[in-house]
Amino acid sequence: MNSLWVFGYGSLMWEPGFEYRERTLARLEGWHRSFCMRSIHHRGTSDHPGLVLALDAAGGACCNGVAYSVEAARAAETLDYLRERELISSAYLERTLPIALRDGRSLEAVTYVIDPDHVQYCGGLGLEEQAGIIATARGGRGPNTEYLWNTAEHLHELGIADPDLDWLSERVRSLTADAASNGL
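Heads up: these notes are all about the structure in this document. It should be emphasised that the depicted structure is a prediction, and the values quoted were computed from it without experimental measurement.

So, on to the side chain of Asp56. Mapping Asp56 onto the fold places it in strand E3 (residues 50-70). The contact partners of Asp56, leaving out residues within four places of it in the chain, are Gly30, Trp31, His32, Ser34, Cys36, Ile114, Tyr121 and Gly123.

If you look at the biggest cluster of nonpolar residues, it comprises 54 residues, and the most contacted ones within it are Phe7, Tyr9, Phe35, Leu55, Ile99 and Leu148. Broken down by element, this core gets its largest block of residues, 10 residues, from E3.

This brings us to the environment of Tyr121. Note on placement: Tyr121 falls in the loop between strand E5 (106-114) and helix H3 (127-136). Apart from residues no more than four positions distant in its own chain, Tyr121 is found in contact with Cys36, Asp56, Ile114, Asp115 and Pro116.

Before going further, it helps to examine the packing of helix H4 (residues 144-158) against helix H5 (residues 163-181). Across the interface, H4 lies against H5 with an axial gap of 10 Å and an inter-helix angle of 140°. When the axis of H4 is compared with that of H5, the two are oblique. Note that H4 runs across H5; the crossing there is left-handed. Residues Thr145, Leu148, Trp149, Thr151, Ala152, Leu155 and His156 of H4 lie in contact with H5, whose contacting residues are Leu165, Asp166, Leu168, Ser169, Val172, Arg173 and Thr176. The residue inventory of the contact of H4 with H5, partitioned by class, reads seven nonpolar, five polar and two charged.

What follows covers the pairing of strand E2 (residues 22-39). Direction of pairing for E2 relative to E3: antiparallel, over a ladder of 15 bridges. Across the sheet, the residue bridging to Arg27 is Asn64, located in E3. Here E2 pairs with strand E4 (residues 92-101) via two bridges, running antiparallel. Across the sheet, the residue bridging to Arg27 is Ala100, located in E4.

A word on the pattern of salt bridges. As enumerated under the stated definition, the model contains 11 salt bridges in all. Here Arg27 and Glu29 are joined by a salt bridge, their closest N and O atoms 2.7 Å apart. Among the residues examined, Arg27 registers a relative accessible area of 33% and is labelled partly exposed. A relative accessible area of 48% places Glu29 in the partly exposed class. Where Asp162 meets Arg33, a salt bridge forms, and the shortest distance between an N and an O atom there is 2.8 Å. Placement of Asp162 in the loop between H4 and H5 and of Arg33 in strand E2 is noted, with a sequence separation of 129 residues between them. For Asp162, a relative accessible area of 10% gives the class buried. Taken together, the shared-partner salt bridges connect Glu19, Arg74 and Glu77 into one network.

Parameters and conventions
Residues numbered from 1 in each chain as written. Predicted model: local features only at pLDDT ≥ 70, side-chain atom pairs only at ≥ 80, totals over all residues. Heavy atoms only, no water. Helix = DSSP H or I, 4+ residues; strand = E, 2+ residues; numbered from the N terminus. Contact = heavy atoms within 4.5 Å. Core = buried A, V, L, I, M, F, W, Y, C linked by side-chain atoms within 4.5 Å. Buried < 20%, exposed > 50% of the residue type's maximum accessible area, 1.4 Å probe, protein only. Axes fitted to C-alpha atoms, helices over the stretch in contact; angles between N-to-C directions. Parallel < 35°, antiparallel > 145°, perpendicular 65-115°, else oblique. Left-handed = near helix turned anticlockwise from the far one by under 90°. Nonpolar A, V, L, I, M, F, W, Y, C, P; charged D, E, K, R; others polar. Pairing = 2+ DSSP bridges. Salt bridge = Lys/Arg side-chain N within 4 Å of Asp/Glu carboxyl O.

Okay, structure coming up:
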């Protein structure tokens with residue numbers, strides 16, 4: 001088996017959790033990064049769901065992220081780890097999709113996309129509604145705000161523009177500052 005490639009667009013960019021031999025910027029066509037999945041485990045609960053990023057299919061769209069190359073000898077353990085982490089509620093679907101690396105190489109990478117038929121799918125929420133949810137949700141891996149801000153920060157560090165995440169980051173900072181000043 002050749003090396004395994006994994007495409008990350010959210011928390012995998014800043015917390016992959018597996019060993020890799022190469023990390024590079026990459027682009028995935030036909031999908032966009034979106035807060036379109038209700039989180040009932042990691043960044044919210046069943047009673048108060050948060051939002052996490054997923055790849056939502058969209059013709060003409062693209063998503064810039066990070067590709068990781070994993071040695072063949074570590075491929076099985078890496079996939080086991082990713083499946084335990086990403087497929088916790090079956091809202092994500094594991095797909096092998098074509099990506100383009102920054103250096104011009106084209107290859108196939110494992111990535112996790114939203115299942116639009118899953119009950120946790122919530123595509124089409126407005127940015128203001130997303131901000132309100134993210135500002136108050138908390139799950140097993142911490143506050144939803146942390147997930148948003150870490151992702152936005154790492155996109156900036158990588159030189160990847162995402163105006164929606166920038167807007168959400170600022171709006172959620174404002175909402176949480178207002179709540180803190182009001183003693184909420």
